[in-house]
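# Topology and contacts: notes
Residues per chain are reported as follows:
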Number of protein chains: 6
Amino acid sequence: MRLTAYRKAHFNAAHRLYRPDWSDEKNEKIFGKCNNPHFHGHNYDMEIGVSGEVDPETGYLIDLKILKDIIKSEVEDALDHKNLNEEVPEFKELIPTAEHIAFVIYNKIKAKLDPKYDLEVKLYETPRNFVLYKGE
Amino acid sequence: MRLTAYRKAHFNAAHRLYRPDWSDEKNEKIFGKCNNPHFHGHNYDMEIGVSGEVDPETGYLIDLKILKDIIKSEVEDALDHKNLNEEVPEFKELIPTAEHIAFVIYNKIKAKLDPKYDLEVKLYETPRNFVLYKGE
Amino acid sequence: MRLTAYRKAHFNAAHRLYRPDWSDEKNEKIFGKCNNPHFHGHNYDMEIGVSGEVDPETGYLIDLKILKDIIKSEVEDALDHKNLNEEVPEFKELIPTAEHIAFVIYNKIKAKLDPKYDLEVKLYETPRNFVLYKGE
Amino acid sequence: MRLTAYRKAHFNAAHRLYRPDWSDEKNEKIFGKCNNPHFHGHNYDMEIGVSGEVDPETGYLIDLKILKDIIKSEVEDALDHKNLNEEVPEFKELIPTAEHIAFVIYNKIKAKLDPKYDLEVKLYETPRNFVLYKGE
Amino acid sequence: MRLTAYRKAHFNAAHRLYRPDWSDEKNEKIFGKCNNPHFHGHNYDMEIGVSGEVDPETGYLIDLKILKDIIKSEVEDALDHKNLNEEVPEFKELIPTAEHIAFVIYNKIKAKLDPKYDLEVKLYETPRNFVLYKGE
Amino acid sequence: MRLTAYRKAHFNAAHRLYRPDWSDEKNEKIFGKCNNPHFHGHNYDMEIGVSGEVDPETGYLIDLKILKDIIKSEVEDALDHKNLNEEVPEFKELIPTAEHIAFVIYNKIKAKLDPKYDLEVKLYETPRNFVLYKGE
């Protein structure tokens, strides 16, 4: 019996979309007001999905305490109330778009998760804009 | 033209996660406070998805009245305001985790649905924890 | 500058609506399926509102850490994953309707809150049924 | 790195489910109160998903301004505050069920979108009824 | 113990904002695209609040079955899947703005409700636009 | 006929809670991780409520286009994608707590609104923390 279990979580952060190797004009043209050098911010909401076989003994796909602990240590402690550009090493050379943040979250959780599970990360930058990354 | 149509529904129930063949210590260790012998409960929300070909004559994938009636008779009448462990036959020998409840709902609806349709069941145990089962 | 600050919180519990001094028929007539002797349950969502003057020095009405700690110790630890009828002393002689649960939550938080604040409790029994109690 | 980016949007419209080549009795039997000749209406909510490779230079799957402009010109300007049956050419010969509206929206957006992207359209007719069309 | 109990409900309808005693130009200027002569529509969501004293015997402010029945007969049966301008007598001479629809709903429910209760009607025309009427 | 009409709106911003006249230790003690000198951010959601008499001629409390324009020019253009501490004059000497942001939004809208209306501002800093300010 194969199934996906989801857990919602969230963090708040500041960011800026900007490439130092581009002119100010190009940054402004591509990233618009997301390029604001003083930063802006979001409440990021996540739906972390883990897929695999249900354990017939417990009826659990995964003990959610394990998943919650991974999300807390890898994502919330690392990103919550942070400036992604200034304080999060993964974004020193990676522009913190929603796409890249989902990619970073995926990799950080995947590294701690039993490899028997597949993983997917849905990341809401706002209630109207979100991305889904499945490690493809 | 292949498409999925979804219908939301919900029921409220009490449950307890517990294996009688385990010691109290093991039940407590694996199921934590969900093992409370006095039961606790949830508002379960469902998104029932039905996939198939749209009928070119009606523009419907499925007459939603048919789907609503199946959900009502098979799920709501069977589970709403019930104690899953004590009153629902499917859980006499199956621990009522969200995973197993989704499995039971899937099977109950599938048995009444025209076999030409594929089915998926998303079950929210809380707004933050949910599972998706597609019969795989 | 007077203002209300709100904090959402939630707990899951089982309950039953029942008066031992009534006949089964009367319990059934008044409380319907909420009278199920095997219990059923809900995800209760709360919006706890605290009103008063904003502190000009901090810009805070109340330090939300204080409010979160009170909600955790008085409400979540006391009610989460519990059977309200069987395990919560306040409901030994009080029917755990949404109205009474809001009343109990109000009194438990009010007793710990600085008396300079007014308090209101909005309690969702389901996303469709909820009550608001302001201590009147 | 392959990913899906989603954008929510919405429009309000009137419609009626009806086939002129059917008798009134058959229209009533199949479409029920959705067949009301005076029309009724909905707030339609959409989640438009675009899948493809993330651009390593910008960190964007797609510039959301491009997607928003397509949604505005193709969907919102065409459908918002309209009577789908009377004023939208695509529904002159197509019954405006949720299934068909999703199909029309899919085709209108797909025609304007860079063909390197895959597209999916989730359309909520009400918060409880929705469809997902992926062009299959 | 005074408290407010709320019940959510909903209906779908078509409408048009228009005054026959105004010129087309004035209707267009004041009501914009809401003036479309072919109608448009909404999913209207309501929160019906009833205030009063909790019955100490039942722990209920009001038996929600009574409130649900009133909402069904007075609001849902009267307005759901209807064209408000064409089919609902109250709007023959009253423009069906959200303000007026809330007023009509208030009066229809109030007429059937025990006069010991106060009533309030929150009506969402869209998730972003809503009104609150308390009979003042 | 007196009524309140609400309009939802939103903006994204970065901020930091900090008093320069306090030691780092005191800022840390009072504001915790909200004191991060690199800033963090939120998606702020607003419900702007306007109360008054309904115009019997139009059935409108207020033309929502007027209210939307005021919200856009006074709040969204001023605060969206901004660093509140660094770029918004009102917060040069006012700590940008949710309480103070609601106060600023209230004053900016009130100054542009016909004085016959009462105003209220509900501001969500996160979906779980919000404040309500009515100008008292």
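Residues numbered from 1 in each chain as written. Chains lettered and ligands numbered in written order. Predicted model: local features only at pLDDT ≥ 70, side-chain atom pairs only at ≥ 80, totals over all residues. Heavy atoms only, no water.

## Let's talk about the overall build of chain A
The criterion, for reference: Helix and strand definitions here come from DSSP, where helices need a minimum of 4 consecutive H or I residues and strands a minimum of 2 consecutive E residues; each element is numbered from the N-terminal end. The cut-offs for exposure are 20% and 50% of the maximum accessible area for each residue type, with area from a 1.4 Å probe on protein chains only; residues under the lower value are buried, those over the upper are exposed, and the others partly exposed. Any two residues whose heavy atoms approach within 4.5 Å are treated as being in contact. Note on areas: Shrake-Rupley, 1.4 Å probe, and residue coverage restricted to the protein chains presented here. Lys and Arg are tallied as positive, Asp and Glu as negative. Neither His nor the chain termini are counted. By convention, charge coordinates are those of NZ in Lys, CZ in Arg, CG in Asp, or CD in Glu.
Along its length, chain A carries four helices and five strands. Principal-axis analysis of the C-alpha atoms places the extent of chain A at approximately 60 × 25 × 25 Å. Within chain A, buried positions represent 60% of all 136 residues. If you take every contact in chain A between residues at least 6 apart in sequence, the share linking residues at least 24 apart comes to 67%. Entry remark: accessible area of chain A is about 5,700 Å², with carbon and sulfur atoms responsible for 49%. Positive and negative charge centroids in chain A, built from 20 and 25 side chains respectively, lie 2 Å apart.

## A look at the side chain of aspartate 80 of chain F
Note the following rule: N or O atoms closer than or at 3.5 Å make up a polar contact, with two conditions inside protein: a donor-capable atom paired with an acceptor-capable one, and, for residues adjacent in sequence, both atoms drawn from side chains.
Tracing the chain through its elements places aspartate 80 of chain F in the loop between α2 (64–79) and β3 (82–83). Polar contacts involving the side chain of aspartate 80 of chain F include one to the side chain of lysine 33 of chain A, which spans 2.6 Å. A distance of 2.9 Å separates a polar atom in the side chain of aspartate 80 of chain F from the backbone nitrogen of asparagine 12 of chain F.

## Let's talk about the relation of the copies chain A and chain F
Applied cut-off: Overlaid copies result from least-squares superposition on C-alpha atoms, with residues included only where pLDDT is at least 70 in both.
In screw terms, the move from chain A to chain F is a rotation of 180° and a rise of 0.0 Å along the axis, fitting with an RMSD of 0.0 Å. The superposition operator between the copies reduces to a two-fold rotation axis. Of all interface residues in chain A, 100% are interface residues in chain F too; the two copies therefore contact each other through one and the same surface.

## What to know about the pairing of strand β2 (residues 40–53) of chain D
All names here are of chain D. Condition: Any two strands between which DSSP finds at least two bridges are classified as paired.
The buried fraction of β2 amounts to twelve of the 14 residues, a majority that puts the element mostly inside the structure. Two strands pair when backbone bridges link them, and strand β1 (residues 2–15) and β2 are joined in this way by 14 bridges, in the antiparallel orientation. By the bridge assignment, asparagine 12 is partnered in β2 with asparagine 43.

## Remarks on the interface of chain A and chain F
Rules: Buried area is understood as the total, over both parts, of accessible area removed when two parts are fitted together, assessed with a 1.4 Å probe. In what follows, salt bridge is the name for a side-chain nitrogen of Lys or Arg lying within 4 Å of a carboxyl oxygen of Asp or Glu. In this count, Pro and Cys sit with the nonpolar residues alongside Ala, Val, Leu, Ile, Met, Phe, Trp and Tyr, while Asp, Glu, Lys and Arg are called charged and the others, Gly among them, polar.
Counting residues at the interface gives 24 residues for chain A, matched by 24 residues for chain F. Overall, the association of chain A and chain F removes approximately 1,900 Å² of surface from exposure, summing both partners, and the carbon and sulfur fraction of that is 48%. Of all residues in chain A, His38, Asn43 and His81 of chain A bury the most surface against chain F, accounting for 32% of the area lost on that side. The salt bridge partner of lysine 33 of chain A is aspartate 80 of chain F, with a shortest N-O separation of 2.6 Å. At the surface where chain A touches chain F, the tally comes to 17 residue pairs in polar contact (both at pLDDT 80 or more). Among the elements of the structure, β1 (2–15), β2 (40–53), β3 (82–83), α3 (84–87) and β4 (118–126) of chain A are those that each provide at least two residues to the side of chain A that touches chain F. If you tally residues by element for the side of chain A that touches chain F, the top one is β2 of chain A, at five residues. Of the residues that constitute the side of chain A that touches chain F, the class distribution is five nonpolar, eleven polar and eight charged.

## A closer look at the arrangement of the chains
Taking C-alpha atoms as the reference, chain A and chain C come no closer than 14 Å and do not contact one another. No interface is formed between chain A and chain E, the nearest pair of C-alpha atoms being 13 Å apart.

## Here's the deal with the pattern of salt bridges
One pass over the structure, following the stated rule, counts 43 salt bridges over all chains. Residue arginine 19 of chain D pairs with aspartate 21 of chain D through a salt bridge whose shortest N-O separation is 2.9 Å.

## Digging into the relation of the copies chain C and chain F
Of the two same-sequence chains, chain C is brought onto chain F (RMSD 0.0 Å, axial shift 0.0 Å) by a rotation of 120°. The two molecules are tied by a three-fold rotation axis, judged by turn and shift.

## Structural notes on the interface of chain C and chain F
Contacts between the two partners involve 20 residues from chain C and, on the opposite side, 20 residues from chain F. It is Met1, Tyr6 and Tyr60 of chain C in chain C that bury the most area against chain F; as a group they hold 32% of the surface buried on that side. Where chain C meets chain F, there are one salt bridge. A salt bridge links glutamate 57 of chain C to lysine 26 of chain F; its shortest N-O distance comes to 4.0 Å. Applying the counting criterion to the chain C and chain F interface returns eight residue pairs in polar contact (both at pLDDT 80 or more). Where the side of chain C that touches chain F is concerned, the elements lending two or more residues are β1 (2–15) and α2 (64–79) of chain C. No other element matches the seven residues that β1 of chain C contributes to the side of chain C that touches chain F. Residue composition of the side of chain C that touches chain F, by class: ten nonpolar, three polar and seven charged. Where β1 of chain C meets strand β5 (residues 129–133) of chain F, four bridges bridge the pair, whose relative direction is antiparallel. Bridging across to β5 of chain F, arginine 7 of chain C finds its partner in asparagine 129 of chain F.

## Section: unusual backbone geometry
Residue and element names in this part refer to chain C. Even without glycine at this site, phenylalanine 39 takes up a positive phi of about 75°. Note on placement: phenylalanine 39 falls in the loop between α1 (24–31) and β2 (40–53). Relative accessible area serves as the criterion here: at 11%, phenylalanine 39 is assigned to the buried category.

## Focus on the confidence of the model for chain A
For clarity, the threshold we go by: Per-residue confidence from the prediction method is given by pLDDT, with values spanning 0 to 100.
Per-residue pLDDT for chain A averages 97, and the proportion of residues at 70 or more is 100%. Scored as a whole, the predicted complex attains pTM 0.95, and scored at its interfaces, ipTM 0.95.

## Regarding the packing of helix α2 (residues 64–79) of chain A against helix α4 (residues 98–110) of chain A
Residues and elements named next belong to chain A. The line we're drawing: The angle between two axes is taken between their N-to-C directions and runs from 0 to 180 degrees, where each axis is a line fitted to C-alpha atoms and a helix contributes only its stretch in contact. Here the word oblique covers every angle except those under 35 degrees (roughly parallel), over 145 (roughly antiparallel) and from 65 to 115 (roughly perpendicular). Crossings are sorted by hand: turned counterclockwise from the far helix by less than a right angle, the near helix makes the crossing left-handed, and turned clockwise it makes it right-handed.
Interhelical geometry of α2 versus α4 gives an angle of 140° and a closest axis separation of 9 Å. By the criterion of interaxial angle, the relationship of α2 to α4 is oblique. α4 is crossed by α2, and the crossing has right-handed handedness. Here α2 contributes Ile70, Ile71, Glu74, Val75, Ala78 and Leu79 to the contact with α4, which in turn contributes Ile105, Lys108 and Ile109. Of the residues that constitute the contact of α2 with α4, the class distribution is seven nonpolar, no polar and two charged.

## With respect to the packing of aromatic side chains
For the record, the criterion: Stacked, tilted and edge-to-face are the three classes applied to pairs of Phe, Tyr and Trp rings, where Trp contributes its six-membered ring and a pair requires centres within 6.5 Å; stacked means planes under 30 degrees apart, edge-to-face means over 60, and tilted covers the rest. Here, over-ring charges are defined by two tests on the NZ atom of lysine or the CZ atom of arginine: distance to the ring centre within 6 Å, and angle to the ring normal within 35 degrees.
Inspection of the entire model under this criterion finds 42 aromatic pairs over all chains. Ring centres of phenylalanine 31 of chain A and tyrosine 60 of chain D lie 5.5 Å apart, and the angle between their planes is 75°; on these two criteria the pair is classed as edge-to-face. On the criterion of chain membership, the pair formed by phenylalanine 31 of chain A in helix α1 (residues 24–31) and tyrosine 60 of chain D in the loop between β2 and α2 (64–79) is interchain, its members lying in two chains. Judged on exposure class, the residue phenylalanine 31 of chain A and its partner tyrosine 60 of chain D are both buried. Arranged with centres 4.9 Å apart and planes meeting at 15°, the rings of phenylalanine 11 of chain E and tyrosine 44 of chain E form a pair that is stacked. One end of the pair, phenylalanine 11 of chain E, is in strand β1 (residues 2–15); the other, tyrosine 44 of chain E, is in strand β2 (residues 40–53), and 33 residues separate them in sequence. Given a relative accessible area of 0%, tyrosine 44 of chain E falls into the buried group. The structure contains a cluster of three or more aromatic residues connected by ring pairs, namely Tyr6 of chain A together with Tyr124 and Phe130 of chain B. The ring of tyrosine 6 of chain A carries the charged tip of lysine 122 of chain B above its face, separated from the ring centre by 5.5 Å.

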